[in-house]
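Structural features, examined
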Amino acid sequence: MKIASYCSIILLAFLGMTQIRNVMPEKNYPSYSVEWEKINQLQSQGLIKDVINQVELLLARAERENNLPQQYKCIMTLEAQLIQSDEDGVKGFITRIEKKKESAKEPIKSLLTSVLGSAYRAAYSQSLYGGARLNITEVEQDEKDIKTWSPETLILKANENFLNSVKIENSLYELNIDLKEIQTSQGDSMSQPYLYDMLLYRAINNFSEVQSQLPNVKSPVSREILFSPIDEFLNYKLQEPKEPQEMLVQLFQDAIRYHKGKENHQAVIYYDLQRLKTFYTGKSDSGSKKAYINALHSLFEKYKNKEYAGEVLFAEGELYYTRYFASAEEHDLLHCDSIMDVILKKYPSCKKAEAASKIKAGLYEKKLGIDFEEVALPQQPIKIQVEFRNTNKLV
């Protein structure tokens, strides 16, 4: 049984989007705390079959009572158990989730669609690691058996699911719920506390990585568009996006428009910063750097009277900070220092103020490290490695 390799798929899906708690609008969904306590006790005793039976009963109840948060929790808990004894591994997992998705209501349907995106992506990674054929044609593939699919078919299926999970036209009122109580591993993204944001975060992560993994990936969108001021970026019209880069552009456009419509300006800044950082990642040429900095300046000018404009400044300061530690150029240090100083003086309440304070404090900190070669040969020089910062002599 290929149990160990497939458990990671469930963990990815389950930990990425854990429990939806009682946050649905205008309704109080029971948490089934007594039932879950019993299930947890059975699980701690290693009674897997009993756990599965109890979770299946609880899922049936949640479906009868239309308890959407508990439905999702039951489905993912059940899958975490079933995969441990499933000979089909990822194939069985995908088959079961696809079947559940067919009859699921929102927001469960969109959540499961995103989970499927992760599962197909994991299957894609495993197929590459396992040396799968890259030249399988559609005729050769068994449509119902993903083990016969080529890696490219798997990643395209992952892309399809991630895109479908964030279709704005399918964003029913349940997709706009406040998720302050949901536990995810999103970090800053939780400042935009809607289910749509969580799904979008996962989709963006997927397409950001896909750019370097699909064969013959193209970059059809020009640098001028990718780093254009926010209003110009939103006005750019895509023609049936096919490449990962185009899909990323579409996702960022949708996210920014969505939050502009809700007048959530902090979320607008968040996604526009994510847009600029995503497209700048991996770039080292001076043209991209200039375009990136100009776009940051444009975004800052638009929101400079808002406290969260400090987050835009921090992005530029972070760039100079990274460059300074890579090259030790004094002008990068001075740029970073002045930017962090502005953040602390003019935007002391922004989310990045504490980080700016730590960076500024560390810029001029003196450090010295000396490492000697572990093995010294007789009559031979001993190699010494000296690392230092903000000092040029030993005292």
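Structure shown above.
One structure accompanies this document, and this report is about it. (Residues numbered from 1 in each chain as written. Predicted model: local features only at pLDDT ≥ 70, side-chain atom pairs only at ≥ 80, totals over all residues. Heavy atoms only, no water.)

1. Some remarks on the pattern of salt bridges
Definition in use: In the sections that follow, a salt bridge refers to a side-chain nitrogen of Lys or Arg positioned within 4 Å of a carboxyl oxygen of Asp or Glu. For helices the rule is a DSSP run of H or I covering at least 4 residues; for strands it is a run of E covering at least 2, with both sets numbered from the N terminus onward. Accessibility here uses a 1.4 Å probe with only protein chains present; expressed as a share of the type maximum, an area under 20% marks a residue as buried, one over 50% as exposed, and anything in between as partly exposed.
Under the defined criterion, the tally for this structure stands at 17 salt bridges. Note that K101 is salt-bridged to E98, the shortest N-O span being 3.8 Å. Here E98 and K101 lie together in helix α5 (residues 90–103), a separation of three residues that amounts to about one turn. Exposure class is identical for K101 and E98. Each is buried. Among the ionic pairs, K304 bridges to E301, the shortest N-O distance being 3.1 Å. Where salt bridges share partners, they join D337, D341, K345 and K360 into one cluster.

2. What to know about the environment of E65
Tracing the sequence through the fold places E65 in the loop between α3 (48–64) and α4 (68–82). The exposure class assigned to E65 is partly exposed, which follows from its relative accessible area of 36%. E65 sits 36 residues away from Y29 along the chain, and the two C-alpha atoms are 9.1 Å apart.

3. Here's the deal with α3
Condition: The span expected for a helix works out to 1.5 Å for each residue beyond the first. Here the arc refers to the directions that run from the helix axis out to each C-beta atom. Contacts are assigned to residue pairs with any non-hydrogen atoms lying within 4.5 Å of each other.
If you check α3, its first and last C-alpha atoms are 24 Å apart, about what 17 residues at 1.5 Å a residue would give, namely 24 Å. Of the positions making up α3, those classed as buried are V51, I52, V55, L58, L59 and A62. Within α3, the buried residues cover an arc of 135° as seen down the axis, which keeps them to one side. Seen from the open side of α3, the exposed residues pointing more than 90 degrees away from its buried face are K49, L57 and R64. In the core, the buried residues of α3 are packed alongside α2 (33–44), α4 and α5. N66 lies just past α3 and shows a positive phi near 55°.

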